[in-house]
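Fold and contact review
Chain residues, written in single-letter form:
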Amino acid sequence: MDQVSISLPQFRQLLNAAGYDEVLERSWAPDTVLDTHSHPFDVSVLMVAGELTLAIGAEAPRVLRAGDTFHLGAGVPHAERYGPQGARFWVARRNVPAP
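Note that the coordinates shown come from a computational prediction; the quantities given were computed from them, not determined experimentally.

Reading the values: the criteria
- Counting restarts for each chain: residues are numbered from 1 in the order of the written sequence.
- Local features in this predicted model are restricted to residues whose pLDDT is 70 or higher, and side-chain atom pairs enter the listing and the counts only when it is 80 or higher, whereas totals over whole chains, interfaces and linings include all residues.
- Hydrogen atoms and water are omitted, and side-chain values are computed over all heavy atoms in the structure.
- Only DSSP runs of H or I with at least four residues qualify as helices, and only runs of E with at least two residues qualify as strands; both kinds are numbered from the N terminus onward.
- The contact definition used throughout considers only heavy atoms, calling two residues in contact when any of these lie within 4.5 Å.
- For this analysis, a salt bridge means a side-chain nitrogen from Lys or Arg found within 4 Å of a carboxyl oxygen belonging to Asp or Glu.
- Two strands form a pair only when DSSP identifies at least two bridges running between them.

**Structural notes on the side chain of Arg 93**
- Here Arg 93 is to be found in strand 6 (residues 78–95).
- When residues no more than four places from it in sequence are discounted, the contact partners of Arg 93 are Tyr 20, Asp 21, Glu 22, Leu 24, Arg 26, Phe 41, Asp 42 and Val 43.

Dropping the structure here:
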């Protein structure tokens, strides 16, 4: 089983130093599906528990579990499907200034 090797405060410190201005802990209920969407901010995510199947554009979907990470730029279309136990992850957001 994969494990998370850092704490939330350590994750927050690392991502704040990398220019991310917001760090949240998110939880999703079992079998939640989010159809294709995008965000107006960059994200960097560390999975803490559960399972997420992430589909980015035309790429093959990736299954992510505790200890896995992913990054998405603002405006990147993606879809999310959470596993039978749901999921918990830490997400850092870098809000992109309006032009």
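Now that the structure has been shown, the text picks up again.
**Examining the pattern of salt bridges**
- In total, this model carries four salt bridges according to the counting rule given.
- Glu 25 is paired through a salt bridge with Arg 88; the nearest N and O atoms lie 2.6 Å apart. Highlighted residues: Glu 25 in strand 1 (residues 22–28) and Arg 88 in strand 6, separated in sequence by 63 residues.
- Put simply, Arg 94 and Asp 42 hold a salt bridge, and the shortest N to O gap is 3.1 Å. With Arg 94 in strand 6 and Asp 42 in strand 3 (residues 41–56), the pair connects residues that are 52 residues apart, well separated along the chain.

**Observations concerning the pairing of strand 6**
- With seven bridges connecting them, strand 1 and strand 6 associate as antiparallel partners. Looking across to strand 6, one finds that Trp 28 is bridged to Ala 87.
- Examined bridge by bridge, strand 2 (residues 33–37) and strand 6 share three bridges and lie antiparallel to one another. Paired with His 37 across the two strands is His 78, which belongs to strand 6.
- As judged from the 14 bridges shared by strand 3 and strand 6, these two strands associate in the antiparallel manner. By the bridge assignment for strand 6, Ala 55 is matched with Ala 79.

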